Each structure stands twice: as C-alpha cells, then as structure tokens.
Amino acid sequence: MTIDLHLRILAARAAIARVGASLALSLVFAASATPAYAQLELKLGHVGEPGSLFQQSADEFAKRANAKLAGKAKVVTYGSSQLGGDKEMIQKLKLGTLDMALPSTVMSSEVDLFGIFEMPYLVKDRAHMGRIEKDVFWSKLEPEAEKKGLKVLAVWENGFRHITNSKRPIKAPADLKGIKLRVPEGKWRVRMFEAYGANPSPMKFSELFTALQTGVMDGEENPFTQIYSAKLQEVQKYLSLSSHVYTPAYLTVGTKKWDALPADVRKALEDTAKETQAYVYQVAAKDDTDLLAKLKQSGMQVNDVDQEAFVAASKPIYEEFGKEVTGAKELIDRATALRK
C-alpha cells in the first residue's frame, strides 16, 4: 500500500468518525429539546378500596386532569394502600418520593389546627362544610400545612362517621365501655373515644378487616363508603348511626415535588382538583342513602344514637383542643358561628 493511499484511508475514517459524532450530538440535542415532563407520571395514592369514595374521587380527578394535561403529564392512581398507609404517604410527600395523596384524619397529626375536623359534631352538613372551607380553611389551615412541606390542592370528602362493632348496639357513650375500637392515626380521635369510655387504638386501614375478623378489635368507626367497600359488614354485626365526626379528605402534594413541576402542569392539576369537588359531594350524598340500604340488606343491625348524650360527653375534648392548640378556640368559634 502506497503512503498516499494509506493517508486517504485515514482521512476517510476520520470523516466517518466526525459524521458519527455529529449525528450522536444531534440526537442528544434533540432529546434535550423535548420537554422534560413529556412522559411524566404523577402517582396519586390513597387507602380506599375499590368502590370507595376515595377511589371514585381519585379516578375522576385523574380522568379530568389527564384530559387537561394533554400528554404533558399523566396522573396514575394507586388505591388500597398500595403506596402505604396515610402516615407513610404523607412522609413520602414531604420527602418528594410521592406526587399526590388523599389523606383525611392523619392530617391532624401533621398540622395541629387540622384537629378542628376531629371535633365531634362540629360540621352540621356539607353546606356548612362549604362555608367553613371558604371562610376558615384556605386562610387559616392550608398555610399551616405549607409550613410543614405539604400543600392542599382541594378539599374533598371522607364523610360522616358511624360506629360499628361485634358486641352490642351503641346508643350512648356508656355503651362503648370496654369496646376495643380501631381509630385512624390521629390523636384527637383517640382522646375522643377515651372520653366516651371505649378502648381506642390507632391502626392502618389496610389492617382493619383482619383485626375485626380475628377479634383483635371489637369495632371501628368510618363513613358508609369505607365500611361497605372494605366489606366490614362481613365481620361487624352492629351499625350505630352516630355521625360523630365529619371528615374531609384533602388532595395533597409535597411542596418539594410540587414546586419542581412546570407552571402549566401545576395550574391544570390545581384547577381540576377544585373542579372535582362538586362530583365528590354528589357521589357522597348519593352514598349516604344507597350504602346504608345495602348495609341493612347485608344483615347489620342498625340503630340510632342519643346524640345529645354524645355531644355532652364531647365538651372536654373541645376544651382540651382549645387549650392545647394555639388559635384553635378562635377557629372553633368561627366554624360554629357558620352553622346558621
């Protein structure tokens, strides 16, 4: 091979290498020009079982949000505690390892003022809750959540809670004496049922059915939607219509992950979250009637309670909450005034 031929071969190889490098660089630039959120999956976790209000609410939100997002991001729901219990999901939000969750009672353990929604018989009905949300929640409670690294996008519903157990009908607080009662992971629910005479224990919702089935717990308290969807009627004989607490549900994000999302994605999610509330309330109101009928048909013995006796037994909880949590008494007085 002549020197001239050898040099031409080397030159050709160098040219091919330059073309290859240029092509590779073009591909890199093309990839970087694609919006970073094009394939972004936003995980929304909740503890609701299939058919629950949580599941219906989350799925409806995801459907509406994904239509608005138009491929920029996709909300995917994970129910039945697949991503952990409420407390675990809250911690994941704060750490930035989960995008969205739908907590309820547990928020009172994260933000003290959220304990207002643990006060018995505070919320009269959904119209009253709407006034509380407008006049109290967004100005007083939500900013406190943000201080803890959490942001509430919308106030949805868990519902009015009732007592079930396997021992006897509960008609007055005295009937709860000695009842081993599962409660959510929130301290005020524990204190409330201690005041009523029960033996309350916080427990993950995912563990509840087995605890009732095996007798580790005698009873629990939940809205109809949670009772029916988790099939608690199969392991509980008595349903007492106490309506002792109305629990909102909060579509919540962690500020760390939220602030990193593109502004248009955040707006689509926040707008959709608030718009979905009307759907949630519509389904919840229908469930109040339909699910009670189904629980009766399942064989549960249903009874009314002496609400005046429960209200009277609740006074120490209000006093304790008002003294222990700064600003609580002012919020309780405001919420009570909005009952009219």
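Details of the structure are given in the entry above.
None of these values were measured; they are calculated from a predicted model.

The rules behind the values
Residues numbered from 1 in each chain as written. Predicted model: local features only at pLDDT ≥ 70, side-chain atom pairs only at ≥ 80, totals over all residues. Heavy atoms only, no water. Helix = DSSP H or I, 4+ residues; strand = E, 2+ residues; numbered from the N terminus. Buried < 20%, exposed > 50% of the residue type's maximum accessible area, 1.4 Å probe, protein only. Polar contact = N/O pair within 3.5 Å; in protein donor to acceptor, adjacent residues only side chain to side chain. Core = buried A, V, L, I, M, F, W, Y, C linked by side-chain atoms within 4.5 Å. Contact = heavy atoms within 4.5 Å. Salt bridge = Lys/Arg side-chain N within 4 Å of Asp/Glu carboxyl O. Phe/Tyr/Trp six-rings, centres within 6.5 Å; stacked < 30°, edge-to-face > 60°.

## As for the side chain of histidine 162
Working step 1: Positionally, histidine 162 belongs in strand S5 (residues 162–165).
Working step 2: Judged by its relative accessible area of 5%, histidine 162 falls in the buried class.
Working step 3: A distance of 3.2 Å separates a polar atom in the side chain of histidine 162 from the backbone nitrogen of serine 243.

## Some details on the nonpolar core
Working step 1: Ranked by internal contacts, the top residues of the largest apolar core, which has 82 residues, are Phe61, Val75 and Leu269.
Working step 2: Excluding its chain neighbours within four sequence positions, the residues that come into contact with phenylalanine 61 are Leu44, Val75, Met100, Trp156, Leu251, Leu269, Thr272, Ala273 and Thr276.
Working step 3: Counting 17 residues, the second largest nonpolar core, distinct from the first, contains Met203, Met217, Leu232 and Met300.

## Brief notes about the pattern of salt bridges
A pair can form between side chains of opposite charge whenever their charged atoms are brought close.
Working step 1: All chains considered together, the criterion is met by 23 salt bridges.
Working step 2: For lysine 286, the salt bridge identified is with aspartate 290, shortest N-O distance 2.5 Å. Here lysine 286 and its partner aspartate 290 are both found in helix H11 (residues 277–297), 4 residues apart, which amounts to about one turn of the helix.
Working step 3: In this structure lysine 286 comes out as exposed when scored by relative accessible area, which is 54%.
Working step 4: A single salt-bridge network, built from bridges that share partners, covers Glu118, Arg161, Arg189 and Glu221.

## What about the packing of aromatic side chains?
Working step 1: All told, the structure shown has 9 aromatic pairs when counted by the stated rule.
Working step 2: Centroid distance phenylalanine 114 to tyrosine 250: 5.1 Å. Interplanar angle 75°. Geometry classified as edge-to-face. Here tyrosine 250 lies in strand S10 (residues 246–254) and phenylalanine 114 lies in the loop between helix H4 (107–110) and helix H5 (126–147), a separation of 136 residues in the sequence.
Working step 3: Both rings, one in phenylalanine 137 and one in tyrosine 250, keep their centres 5.9 Å apart while their planes meet at 10°; by these two values the pair is stacked.

## Notes on the environment of lysine 237
Working step 1: Assignment of secondary structure puts lysine 237 in the loop between helix H8 (224–229) and strand S9 (238–241).
Working step 2: The partly exposed category is assigned to lysine 237, whose relative accessible area is 41%.
Working step 3: Residues lysine 237 and glutamine 301 lie 64 residues apart in sequence; the distance between their C-alpha atoms is 6.2 Å.
Working step 4: Residues within four places of lysine 237 in sequence aside, it is in contact with Asn165, Ser166, Met300 and Gln301.

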